Amino acid sequence: MIDKKYYEGYEGEGAVKVWVEEDGKEKGMVIWIGFFDTILDGCFNPDYKKDGIIECYNNLSGFYDGKWKIKYPQVVLEELNEFNEDKVDTNDEEIIKICREIINQLINCISVTAKNGNSVYVEYE
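Residues numbered from 1 in each chain as written. Predicted model: local features only at pLDDT ≥ 70, side-chain atom pairs only at ≥ 80, totals over all residues. Heavy atoms only, no water.

Peer 1: How should the sheet that holds strand 4 (residues 68-69) be read in this particular structure?
Peer 2: As summarised here, the arrangement of the five strands in space is 1-3-2-5-4, forming an open sheet in which the pairing is mixed. Two strands bound the open sheet, and with one partner strand each, they are strand 1 (2-6) and strand 4. Relative to strand 5 (residues 120-124), strand 4 runs antiparallel, the two sharing two bridges. Paired with Lys69 across the strands is Tyr121, a residue of strand 5. (Pairing = 2+ DSSP bridges. Helix = DSSP H or I, 4+ residues; strand = E, 2+ residues; numbered from the N terminus.)

Peer 1: I keep staring at the packing of helix 1 (residues 33-43) against helix 4 (residues 93-115) and nothing clicks. Help me out?
Peer 2: Direction vectors running N to C along helix 1 and helix 4 enclose 80°, while the axes themselves pass 10 Å from each other. With respect to helix 4, the axis of helix 1 lies roughly perpendicular. Facing helix 1, whose interface residues are Phe35, Thr38 and Ile39, helix 4 presents Ile95, Ile98, Cys99, Ile102 and Ile103. Counted by class, the contact of helix 1 with helix 4 contains seven nonpolar, one polar and no charged residues. (Axes fitted to C-alpha atoms, helices over the stretch in contact; angles between N-to-C directions. Parallel < 35°, antiparallel > 145°, perpendicular 65-115°, else oblique. Contact = heavy atoms within 4.5 Å. Nonpolar A, V, L, I, M, F, W, Y, C, P; charged D, E, K, R; others polar.)

This is how it looks when you write it as structure tokens:
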């Protein structure tokens, strides 16, 4: 099942899908690109690590090109844990709150999936 909670109300705008494939089924979420960009802006570090999600974001590659497998979940987890609301372009407390919810869900999903030996995928839609 793909949860679209963080895309509702933004239909027709860009989105990013993050999911796991289990038993031939997709499980994950679709996130409005505005939330996703805010998250990645808040995690941005000019000395980003190779093969992380920030590298993809900075170079408009990886998940922008199609289905992208997170090869190094620990790198992405470290990047997500570095979220700093002072780096984002909004002071809207509701958007920041939602972004933090999404980050927590992503961290949980990536952590559990990596421990189980499965893969997490990301794709810009």
